[in-house]
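Working through the structure, step by step
The primary structure of each chain is shown beneath.
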Amino acid sequence: MVRLRPYKPSDAWHLLKWWEGVSEKEFIKWSAGKFQYPLTIEQLDTYFSEWCLQRDDGWLMTALDTAGEPSGHFILRLVDYEAGTARIGFIVINPKLRGRGLGKEMVCQALCYAFGLLGLKRVSLGVFVNNKRAMACYEAAGFIQKEYVPEYMKYNGEAYGVYEMEAKRI
């Protein structure tokens, strides 16, 4: 079972630990180049400040396992109440807990939050074409592929394509 709560600055230590030993390439793909490798506490403090203290259109969220320990993270951002839309990103599960369905459960909880509590109509996200596990997770949670962007990001001269996906409130 996954529970969601607002991100707290102390959650940064969990995120740092989850990215230990991960290759720069994998990290850059997760962050879409928005963070520098390696991840630092200063970057996460700035991330928290920008999205939780300085803006009104986004929230950082932490997923908790059954014992109340942080097990995942995502951001719900670019919330537009008039249009009824938002974007989810920076989705990560503790590597020790992957493969147990927590990612799907966390993304489903994020959609429940967006649709049920915020009253939104549509949530979008982007997933790199070669991240088949994440794509399967998002599809299982109710996202469908909408568009392919072949050169969404370049890293070390290599272009990375992204599938734009969306979920709609039923």
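A brief structural summary. For every chain, the first residue of the written sequence is number 1, and numbering continues from 1 onward in sequence order. Totals for whole chains, interfaces and linings use all residues, but because this is a predicted model, local features are given only for residues with pLDDT of at least 70 and pairs of side-chain atoms are given and counted only at 80 or more. Each side-chain value is derived from all of the structure's non-hydrogen atoms; neither hydrogens nor water enter the calculation.

Section: the overall build of the protein
Strands are runs of DSSP state E lasting at least 2 residues, helices are runs of H or I lasting at least 4, and numbering of each runs from the N terminus. When helices and strands are counted, the protein shows five helices and seven strands. Counted from the first residue to the last, the protein has its helices and strands arranged as β-α-α-α-β-β-β-α-β-α-β-β. Along the longest, intermediate and shortest principal axes, the C-alpha atoms of the protein span 40 × 40 × 35 Å. With a 1.4 Å probe rolled over the protein chains alone, any residue whose accessible area is under 20% of its type maximum counts as buried; one over 50% counts as exposed, and the rest are partly exposed. Relative to its full complement of 170 residues, the protein shows a buried share of 48%. At a minimum sequence separation of 6, the contacts of the protein that also span at least 24 residues come to 56%. Accessible surface area values rest on a Shrake-Rupley calculation with a 1.4 Å probe, where residue burial reflects the displayed protein chains alone. A total accessible area of about 9,200 Å² is found for the protein, and carbon and sulfur atoms account for 50% of it. Of note, the protein has its 22 positive side-chain charges centred 6 Å away from the centre of its 20 negative side-chain charges. Between two residues, a contact is recorded if the distance between any of their heavy atoms is within 4.5 Å. Positive charges come from Lys and Arg, negative ones from Asp and Glu, while His and the chain ends are left out of the count. Here the site of a charge means NZ on Lys, CZ on Arg, CG on Asp, or CD on Glu.

Re the environment of valine 107
Turning to its location among the elements, valine 107 is positioned in helix H4 (residues 102-117). In this structure, valine 107 is in contact with Ile91, Tyr138, Ala141 and Phe143, ignoring residues within four places of it in sequence.

Focus: the pattern of salt bridges
Salt bridge criterion: a side-chain nitrogen from Lys or Arg within 4 Å of a carboxyl oxygen from Asp or Glu. According to the stated counting rule, one finds nine salt bridges in the structure shown. For lysine 29, the salt bridge goes to glutamate 26, with nearest N and O atoms at 3.3 Å. Of this pair, lysine 29 and glutamate 26 both sit in helix H2 (residues 24-31), separated by three residues, roughly a single helical turn. Using a relative accessible area of 10% as the deciding quantity, one classes lysine 29 as buried. Across the pair glutamate 166 and lysine 168 runs a salt bridge whose closest N-O atoms are separated by 3.6 Å. One continuous salt-bridge network, built from bridges that share partners, spans Arg122, Lys146, Glu166 and Lys168.

A look at the sheet that holds strand S2 (residues 59-64)
The pairing criterion for strands is at least two bridges between them, as found by DSSP. Strand order in the open sheet formed by seven strands is S1-S2-S3-S4-S5-S7-S6, with mixed pairing between adjacent strands. Strands at the two margins of the open sheet, each flanked by one partner only, are strand S1 (3-6) and strand S6 (144-155). On average, adjacent strands in this sheet sit at an angle of 30° to one another, irrespective of strand direction. Pairing geometry for strand S5 (residues 122-128) and strand S7 (residues 158-168), over seven bridges, is antiparallel. Note on S7: the bridge partner recorded for phenylalanine 128 is valine 162. Axes here mean lines fitted to C-alpha atoms, for a helix over just the part in contact, with angles spanning 0 to 180 degrees between N-to-C directions. The strands touched by H2 within the sheet are strand S4 (85-93), S5, S6 and S7, with S6 carrying the most contacts at an inclination of about 130°.

Observations regarding the environment of valine 127
Note on placement: valine 127 falls in strand S5. For valine 127, a relative accessible area of 4% puts it in the buried group.

Regarding the side chain of arginine 87
Structurally, arginine 87 can be placed in strand S4. A distance of 3.1 Å separates polar atoms of two side chains, one belonging to arginine 87 and the other to serine 124. Excluding its chain neighbours within four sequence positions, the residues that come into contact with arginine 87 are Ile75, Leu76, Arg77, Leu78, Ser124, Leu125, Gly126 and Glu164. Any pair of N or O atoms that falls within 3.5 Å is considered a polar contact. Within protein, one atom must be able to donate a hydrogen and the other to accept it, and sequence-neighbouring residues count only if both atoms are side-chain atoms.

Some thoughts on H2
By the burial criterion, the buried members of H2 are Phe27, Ile28, Lys29, Trp30 and Ser31. Count one or two residues on from H2 and you reach alanine 32, which has phi positive near 50°.

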